[in-house]
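Report on the structure
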Amino acid sequence: MPEIRLTCISPESAAAVVKEVTRPTHRGNVAHTVRQDGTHVVIGYYDWRWPRDVAKWAHENGHAHEVDVARVIAGVQ
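This one's a predicted model, so the numbers in the text were calculated from it and none came from an experiment.

**Remarks on the sheet that holds strand β3 (residues 40–44)**
In space, the three strands of this open sheet follow the order β1-β3-β2, with antiparallel pairing throughout. Bordering the open sheet on either side are β1 (3–7) and β2 (33–37), each of which pairs with just one other strand. This sheet shows a mean twist of 25° between the axes of neighbouring strands, independent of strand direction. Here helix α1 (residues 11–21) sits on the sheet in contact with β2 and β3, set at roughly 160° to β2. Packed onto the sheet, helix α2 (residues 49–60) meets β1, β2 and β3 and runs at close to 155° relative to β3.

Here is the structure:
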């Protein structure tokens, strides 16, 4: 499974992203993964939309800067 890293603004922000996107109700997703590595969220994916959605959610909720989200989006296309 390919992985991509999203840089968050703090370890607490990375933890909040991981907590949100690993909830069972988040799209019922069991094929894709997220884990925290310090200030990074490591996103494992089969479908390029998963890291894009995680990164966009992180930015919309103040956990990642726009430039870091753009890196994720560009990295999976």
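We are not done yet, so read on.
**Overview of the packing of α2 against helix α3 (residues 66–76)**
At a minimum axis separation of 9 Å, α2 and α3 run at an interaxial angle of 175°. Viewed along their axes, α2 and α3 adopt a mutual orientation that is roughly antiparallel. Along its contact with α2, which presents Pro 51, Arg 52, Ala 55, Lys 56 and His 59, the element α3 presents Glu 66, Val 69, Val 72, Ile 73 and Val 76.

**Some remarks on the side chain of His 63**
The topology assignment puts His 63 in the loop between α2 and α3. Relative accessible area serves as the criterion here: at 16%, His 63 is assigned to the buried category. Other than its neighbours up to four places away in sequence, His 63 contacts Cys 8, Ile 9, Ser 13, Ala 16, Val 17, Trp 57 and Ala 58.

**Observations regarding the side chain of Asp 68**
Structurally, Asp 68 can be placed in helix α3. Classification of Asp 68 as buried rests on a relative accessible area of 10%. Ignoring any residue separated from it by four or fewer positions in sequence, one finds Asp 68 in contact with Leu 6 and Thr 7.

**A short note on the packing of α1 against α2**
The geometry of a pair of packed helices is captured by two quantities: the angle between their axes and the separation between those axes. Closest axis-to-axis distance for the α1/α2 pair is 10 Å, and the angle between their directions is 125°. When the axis of α1 is compared with that of α2, the two are oblique. The handedness of the crossing between α1 and α2 is right-handed. Between α1, through Ala 16, Val 17, Glu 20 and Val 21, and α2, the contact on the second element is made entirely by Trp 50, Val 54, Trp 57 and Ala 58. The class makeup of the residues in the contact of α1 with α2 is seven nonpolar, no polar and one charged.

**Quick notes on the pairing of β3**
The side chains of a regular strand alternate, residue by residue, between the two faces of the sheet. β3 sits mainly inside the fold: four of its five residues count as buried. With five bridges connecting them, β1 and β3 associate as antiparallel partners. Looking across to β3, one finds that Leu 6 is bridged to Val 41. When β2 meets β3, the two strands line up antiparallel, connected through five bridges. Pairing of Thr 33 across the sheet is with Gly 44, part of β3.

Rules used in this analysis
Residues numbered from 1 in each chain as written. Predicted model: local features only at pLDDT ≥ 70, side-chain atom pairs only at ≥ 80, totals over all residues. Heavy atoms only, no water. Pairing = 2+ DSSP bridges. Helix = DSSP H or I, 4+ residues; strand = E, 2+ residues; numbered from the N terminus. Axes fitted to C-alpha atoms, helices over the stretch in contact; angles between N-to-C directions. Contact = heavy atoms within 4.5 Å. Parallel < 35°, antiparallel > 145°, perpendicular 65-115°, else oblique. Buried < 20%, exposed > 50% of the residue type's maximum accessible area, 1.4 Å probe, protein only. Left-handed = near helix turned anticlockwise from the far one by under 90°. Nonpolar A, V, L, I, M, F, W, Y, C, P; charged D, E, K, R; others polar.

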